[in-house]
Amino acid sequence: MISLEEAQERILAGLEPLPAEQVPLQLAVGHYLASPVDSPLDLPPADNSAMDGYAVRAADLASASPEKPISLRLSGRTAAGSTSPGSLDPGACGRIFTGAMLPGGADAVVMQEDVKCEESEPAAVIFEESVRPFENVRLRGEDVRKGALLLAAGEQLTAQRLSLLAGAGLASVSVRRRPQLGLLATGDELCEPGRALAPGMIYESNRIGLSAMAQAAGASPRLYPLVADDLVLTKNALQTAFQECDVVVTSGGVSVGEMDWVRQAFTGMGGQLDFWSVAIKPGKPFAFGRHGGKLLFGLPGNPVSALVAFFLLARPALLRLQGASQTQPPISRGILAGPLANRGPRRHFMRVILDNDGRVRSAGSQASHFLSSMARANGLVDVPPGQTFPIGTVVTVLRWN
Ligand code: AMP
Ligand code: MG
């Protein structure tokens with residue numbers, strides 16, 4: 001039995017990202033950048049107004065005050081999108097709107113709320129205050145300089161980062177292809193959800209949960225038909241999945257029972273088993289292997305074990321295949337509002353609820369067939385063997401959402 005860390009290292013060892021592909025920004029959310037992106041231009045591309053108001057030369061208003069207002073001649077009008085802002089003579093001001101380029105010579109904008117206009121003299125604008133140079137002006141390149149790094153390779157494309165790329169004028173971006181992931185569930189007792197349940201049967205829930213978790217990790221999951229507990233059928237199903245996918249994930253049939261065929265079927269079709277059994281709970285019966293450049297994750301059948309083993313062992317590999325710079329799950333620290341006890345001989349990844357105030361408590365029963373406590377949990381706490389974390393302990397929560 002190997003440690004979780006050794007298992008993770010052996011899985012990631014020599015694992016190269018999948019090839020890059022160009023995708024339109026609209027389809028790029030969640031993808032990981034294949035190469036760094038530098039800004040092709042200054043942002044903003046030109047000095048422009050941050051307000052609706054009047055473009056001025058700040059020096060013209062240096063002595064303005066309520067007692068001694070200054071009147072400037074109104075000359076010109078620049079709206080957002082205007083391509084020829086003209087220029088401003090000393091002693092003049094120009095009507096300007098938010099986002100419009102500044103006329104030549106102007107170096108500040110006065111908000112329209114801060115000026116007065118006399119009806120008797122529509123060609124003049126009265127200013128009762130001075131203005132600092134560059135006040136209400138957005139300067140060319142102050143957000144991003146041309147040539148500066150916008151995003152590094154391996155960064156995930158979020159809504160915010162996609163806005164940045166679009167703002168820099170990009171229409172598409174080079175990202176890693178999503179891994180194709182095949183999901184197989186083995187077990188004579190399994191019944192497809194939606195069908196009537198015969199005695200002795202249970203509904204198959206792993207493919208759906210794993211598919212969702214795989215999608216959240218950027219993979220394209222594909223559900224294969226249920227596989228009976230039979231060596232030949234298991235081998236055939238594995239063969240098909242390995243032809244069509246980059247990563248194959250099985251659930252069930254990986255233990256030491258005489259109905260557990262996954263390992264034998266995998267080696268029988270030429271797969272190289274790297275290790276099996278990792279010293280964690282839940283998730284101990286687990287097999288990892290390679291077939292050509294492709295990966296097998298043989299997960300235990302118990303629904304909690306399957307999801308936890310996938311989260312800790314398969315998810316990092318999916319992220320590495322996409323070139324992600326970060327393959328570990330997001331973590332938060334919290335304070336235990338109730339004890340967490342691990343009486344067993346293996347590290348226990350316990351299902352917890354981390355609330356918005358940073359309090360952490362057990363999500364309920366930690367038995368590996370309890371789907372209800374898993375559904376309540378939003379993360380896991382790693383409790384060492386034979387240890388109890390008392391109330392008040394600061395713990396690290398591995399968040400799964
Ligand atoms: P196994 O790992 O095949 O020995 O299965 C362990 C336990 O998990 C058994 O109680 C199975 O009935 C259950 N199980 C196996 N596969 C699934 C599945 N896909 N969905 C729900 N439960 C499962
Ligand atoms: Mg089974």
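In case you missed it, the structure is sitting above this.
First, a word on scope: everything that follows refers to the structure included in this document. Note that the structure is a prediction, hence the values are computed from the model and not measured.

## Considerations on the site of ligand 1
- In the vicinity of ligand 1 there are 15 residues, among which Glu189, Glu204, Ser205, Gly253 and Gly301 approach most closely.
- One of the side-chain nitrogen or oxygen atoms of glutamate 189 is found 2.5 Å away from an oxygen atom of ligand 1.
- Glycine 253 is positioned such that a nitrogen or oxygen atom in its backbone is 2.9 Å from an oxygen atom of ligand 1.
- Out of a free accessible area of 480 Å², ligand 1 has 75% covered by protein chains.

## As for unusual backbone geometry
- Look at the link from leucine 43 to proline 44: it is a cis peptide, with omega at -10°.
- Residue proline 282 is bonded to the preceding lysine 281 through a cis peptide linkage, with omega at -5°.
- Relative to the assigned elements, proline 282 resides in the loop between strand E19 (280-281) and strand E20 (287-291).
- A positive phi angle is found at phenylalanine 134, which is not glycine, with a value near 75°.
- By the element assignment, phenylalanine 134 lies in the loop between strand E9 (124-127) and strand E10 (137-138).
- For asparagine 136, which is not glycine, the phi torsion reads 60° and is therefore positive.
- Mapped onto the fold, asparagine 136 is located in the loop between E9 and E10.

## With respect to the layout of surface pockets
- The space that makes up the largest pocket amounts to roughly 510 Å³.
- Along the walls of the largest pocket sit 33 residues, with Gly252, Pro300, Gly301, Asn302 and Pro303 positioned nearest its centre.
- Contributions of two or more residues to the lining of the largest pocket are made by strand E15 (202-203) and helix H6 (303-321).
- Of the residues that constitute the lining of the largest pocket, the class distribution is 11 nonpolar, 15 polar and 7 charged.
- Volume-wise, the second largest pocket comes out at about 430 Å³.
- Surrounding the second largest pocket, 17 residues form its lining, Met213, Ala216, Phe311, Trp400 and Asn401 being those nearest its centre.
- The element that contributes the greatest number of residues to the lining of the second largest pocket is H6, accounting for 4 residues.
- Of the residues in the lining of the second largest pocket, the class split is 12 nonpolar, 3 polar and 2 charged.

## Looking at the sheet that holds E20
- The strand order across the open sheet built from 6 strands is E16-E13-E17-E21-E20-E18, with neighbouring strands paired in mixed fashion. Every interior strand has two partners, whereas the edge strands, strand E16 (220-223) and strand E18 (272-276), have only one. Here the average twist between neighbouring strands, direction ignored, is 20°.
- The pairing of E20 with strand E21 (residues 294-299) spans 5 bridges and is antiparallel. By the bridge assignment for E21, arginine 290 is matched with leucine 295.
- Across the sheet, H6 touches strand E13 (180-185), strand E17 (247-251) and E21, and the angle it forms with E21 is around 170°.

## A word on the pattern of salt bridges
- Taken as a whole and judged by the stated rule, the model has 15 salt bridges.
- Arginine 10 is the partner of aspartate 274 in a salt bridge, and the nearest nitrogen-oxygen pair spans 2.8 Å. You can see aspartate 274 sitting in strand E18 and its partner arginine 10 sitting in helix H1 (residues 4-12), a full 264 residues away along the chain.
- Salt bridges sharing common partners tie together Glu6, Arg10, Asp274 and Arg290.

## So, a negative patch on the surface
- On the surface, Asp52, Glu113, Asp114 and Glu129 cluster together to form a negatively charged patch.
- If you trace the backbone, aspartate 114 turns up in the loop between strand E7 (108-111) and strand E8 (115-116).

## Some words on the nonpolar core
- The biggest cluster of nonpolar side chains holds 42 residues, and the ones touching the most others in it are Phe286, Phe297 and Phe310.
- The greatest single-element share of this core, amounting to 13 residues, is contributed by H6.
- The contact partners of phenylalanine 297, leaving out residues within four places of it in the chain, are Ile11, Val247, Val248, Val249, Thr250, Phe286, Ala287, Phe288, Leu313, Ala314 and Ala317.
- Residues Val144, Leu157, Leu162 and Val175 belong to the second largest nonpolar core, which totals 15 residues.

## With respect to the sheet that holds strand E5 (residues 70-78)
- With mixed pairing, the 6 strands of this open sheet are ordered in space as E7-E4-E6-E5-E9-E8. The open sheet has two edge strands, E7 and E8, and neither has a second partner.
- In this sheet, strand E6 (residues 92-96) lies alongside strand E4 (residues 53-56) in antiparallel orientation, the contact comprising 3 bridges. Looking across to E6, one finds that alanine 55 is bridged to glycine 94.

## Details of the packing of aromatic side chains
- One pass over the full model with this rule turns up 7 aromatic pairs.
- Ring centres of phenylalanine 288 and phenylalanine 297 lie 5.3 Å apart, and the angle between their planes is 50°; this geometry places the pair in the tilted category.
- For the ring pair phenylalanine 311 and tryptophan 400, a centre distance of 5.4 Å and an interplane angle of 80° mean the geometry is edge-to-face. Here phenylalanine 311 is found in helix H6, whereas its partner tryptophan 400 is found in the segment after strand E28 (394-399), with 89 residues between them in sequence. An identical accessibility class is assigned to phenylalanine 311 and tryptophan 400; each is buried.
- Among the aromatic residues, those joined into a cluster by ring pairs are Phe275, Phe286, Phe288 and Phe297.
- Here the basic side chain of arginine 263 rests over the ring of tryptophan 276, its NZ or CZ set 3.4 Å away from the ring centre.

The rules behind the values
- Residues numbered from 1 in each chain as written.
- Chains lettered and ligands numbered in written order.
- Predicted model: local features only at pLDDT ≥ 70, side-chain atom pairs only at ≥ 80, totals over all residues.
- Heavy atoms only, no water.
- Near = heavy atom within 4 Å.
- Polar contact = N/O pair within 3.5 Å; in protein donor to acceptor, adjacent residues only side chain to side chain.
- Areas by Shrake-Rupley, 256 points an atom, 1.4 Å probe, with all protein chains shown as cover.
- Helix = DSSP H or I, 4+ residues; strand = E, 2+ residues; numbered from the N terminus.
- 1 Å grid on protein atoms, 1.4 Å probe; cavity = no way out; pocket = protein on both sides within 12 Å on 5 of 7 lines; lining within 4 Å.
- Points joined across faces, edges and corners; volume = space filled by probe spheres on them.
- Nonpolar A, V, L, I, M, F, W, Y, C, P; charged D, E, K, R; others polar.
- Pairing = 2+ DSSP bridges.
- Axes fitted to C-alpha atoms, helices over the stretch in contact; angles between N-to-C directions.
- Contact = heavy atoms within 4.5 Å.
- Salt bridge = Lys/Arg side-chain N within 4 Å of Asp/Glu carboxyl O.
- Patch = residues over 30% accessible without salt bridge, like charges linked within 9 Å, V, L, I, M, F, W, Y side chains within 5 Å.
- Lys, Arg positive; Asp, Glu negative; His and termini not counted.
- Charge placed at Lys NZ, Arg CZ, Asp CG, Glu CD.
- Core = buried A, V, L, I, M, F, W, Y, C linked by side-chain atoms within 4.5 Å.
- Buried < 20%, exposed > 50% of the residue type's maximum accessible area, 1.4 Å probe, protein only.
- Phe/Tyr/Trp six-rings, centres within 6.5 Å; stacked < 30°, edge-to-face > 60°.
- Lys NZ or Arg CZ within 6 Å of the ring centre and 35° of its normal.

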